[in-house]
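The residues making up each chain are set out below.
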Amino acid sequence: MSNGGPEIEQLILLLARLPGLGPRSARRAVLQLIKKKEQLMIPLSAALDRAVEAVIVCETCGNIDTRSPCHICADPRREGGILIVVEDVADLWALERAGVGAVKYHVLGGVLSPLDGIGPDDLSIDALLRRAPEFAEIVLAVNATVEGQTTAHYITDRLAPSGVKITRLAHGVPVGGELDYLDEGTLSQALKARTAL
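Just so you know, these numbers come straight off a predicted model, no measurement behind them.

Reading guide: rules and limits
Residues numbered from 1 in each chain as written. Predicted model: local features only at pLDDT ≥ 70, side-chain atom pairs only at ≥ 80, totals over all residues. Heavy atoms only, no water. Helix = DSSP H or I, 4+ residues; strand = E, 2+ residues; numbered from the N terminus. Rg over C-alpha atoms; globule rule 2.2 N^0.38 Å. Contact = heavy atoms within 4.5 Å. Areas by Shrake-Rupley, 256 points an atom, 1.4 Å probe, with all protein chains shown as cover. Lys, Arg positive; Asp, Glu negative; His and termini not counted. Charge placed at Lys NZ, Arg CZ, Asp CG, Glu CD. Axes fitted to C-alpha atoms, helices over the stretch in contact; angles between N-to-C directions. Parallel < 35°, antiparallel > 145°, perpendicular 65-115°, else oblique. Nonpolar A, V, L, I, M, F, W, Y, C, P; charged D, E, K, R; others polar. Core = buried A, V, L, I, M, F, W, Y, C linked by side-chain atoms within 4.5 Å. Buried < 20%, exposed > 50% of the residue type's maximum accessible area, 1.4 Å probe, protein only. Pairing = 2+ DSSP bridges. Left-handed = near helix turned anticlockwise from the far one by under 90°.

A. View of the overall build of the protein chain. In terms of helices and strands, the protein chain carries 8 helices and 6 strands. If you list the helices and strands of the protein chain from N to C, you get α-α-α-β-β-α-β-α-β-α-β-α-β-α. The C-alpha radius of gyration of the protein chain comes to 21 Å, more than 25% above the 16 Å expected for a compact globule of 197 residues. Considered along the principal axes of its C-alpha atoms, the protein chain spans approximately 60 × 45 × 35 Å. Of the contacts made within the protein chain by residues no fewer than 6 positions apart, 46% connect residues no fewer than 24 positions apart. Of the roughly 13100 Å² of accessible surface on the protein chain, 58% is carried by carbon and sulfur atoms. A distance of 6 Å separates the average location of the 20 positive side-chain charges in the protein chain from that of its 25 negative side-chain charges.

Okay, here's the thing in structure tokens:
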């Protein structure tokens, strides 16, 4: 049932498509935008128009920026060390927020998933193979899902002839985690990957 004109309904429907926003949250967001038209809606509209024109995908790593190569790829302090391979841009941004250091990235654009029809040609694996010799170490920072681990094994097999050191993120007990609340798989992996104190 419509509460407002078609423009309002369209705005609600579009916002509801965003991750983390359902129809109710989208409706609340639209009402807030309308209430604060001058402070929120007009600047948001202008920012979206500018972003449509300016935002591009980095031709080197797959990051999203306003230039290509992106700011990370163009940073001379990040030359020749570690290349971190991630599934998508959100993972890259999370690692940057964590301050992992002077590293470079490679965005795969997803993971291998035969059930979903996603094969090696659908990801940027060939571009990764071309970039690999430039680095001393490649860290596979894919999710600990079946698809993520399958992708990591596939990439490891493809990179083996290059002789580049290949590592992966540690898996196990999170910082601040309580053992009683962890699943058996996480506990098992943490025990296998134990380190000396």
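B. Structural detail: the packing of helix H2 (residues 23–35) against helix H3 (residues 37–54). Look at H2 against H3: their axes get within 6 Å of each other, and the N-to-C directions meet at 110 degrees. Relative to H3, the element H2 is oriented roughly perpendicular. Seen from H2, the contacting residues are Gln32, Leu33, Ile34 and Lys35; seen from H3, they are Lys37, Leu40, Met41 and Leu44. A per-class count over the contact of H2 with H3 returns 5 nonpolar, 1 polar and 2 charged.

C. The nonpolar core, seen in detail. In this structure, Val85, Leu108, Leu128, Ile138, Leu140 and Ile155 are the most contacted members of the largest nonpolar core, which totals 16 residues. Counting residues per element, the ones that place at least two in this core are strand E3 (82–86), helix H6 (125–131), strand E5 (137–141) and helix H7 (146–159). Considering every element that reaches this core, the biggest residue donor is H7, with 3 residues. When near neighbours in sequence (up to four residues on either side) are disregarded, valine 85 contacts His106, Leu108, Leu128, Ile138, Val139, Leu140, Ala141, Val142 and Ile155.

D. Geometry of the sheet that holds E3. Here we have 4 strands laid out as an open sheet, ordered E4-E3-E5-E6, and parallel in their pairing. Strand pairing shows two members of the sheet lacking a second neighbour, strand E4 (104–107) and strand E6 (165–168), which therefore form its edges. Each adjacent strand pair in this sheet contributes to an overall mean axis angle of 25 degrees, direction not counted. Here E3 runs beside E4; their pairing, made up of 4 bridges, is parallel. Across the sheet, the residue bridging to valine 86 is valine 107, located in E4. Running over the sheet, H7 touches E3, E5 and E6 and is turned about 160 degrees from E5.

E. Structural view of the packing of helix H1 (residues 6–16) against H2. Where H1 contacts H2, the two axes come as close as 8 Å, and the packing angle between them is 130 degrees. Classified by the angle their axes make, H1 and H2 are oblique. When the axes of H1 and H2 are compared, the crossing they make is right-handed. The residues of H2 that touch H1, namely those facing Ile8, Leu11, Ile12, Leu15 and Ala16, are Pro23, Ala26, Arg27, Ala29, Val30, Leu33 and Ile34. Within the contact of H1 with H2, the residues separate by chemical class into 11 nonpolar, no polar and 1 charged.

F. Spotlight on the environment of threonine 186. Here threonine 186 is to be found in helix H8 (residues 184–192). Under the relative-accessibility criterion, threonine 186 is labelled partly exposed at 22%. Residues threonine 186 and histidine 171 lie 15 residues apart in sequence; the distance between their C-alpha atoms is 7.4 Å. Here threonine 186 is in contact with Gly172 and Val173, once residues within four sequence places are set aside.

G. Here's a closer look at the side chain of lysine 104. Structurally, lysine 104 is set in strand E4. Sequence-distant contacts of lysine 104, defined by excluding residues within four places in its chain, comprise Ile72, Cys73, Asp75, Arg78, Glu79, Ile82, Leu83, Ile84, Arg131 and Phe135.

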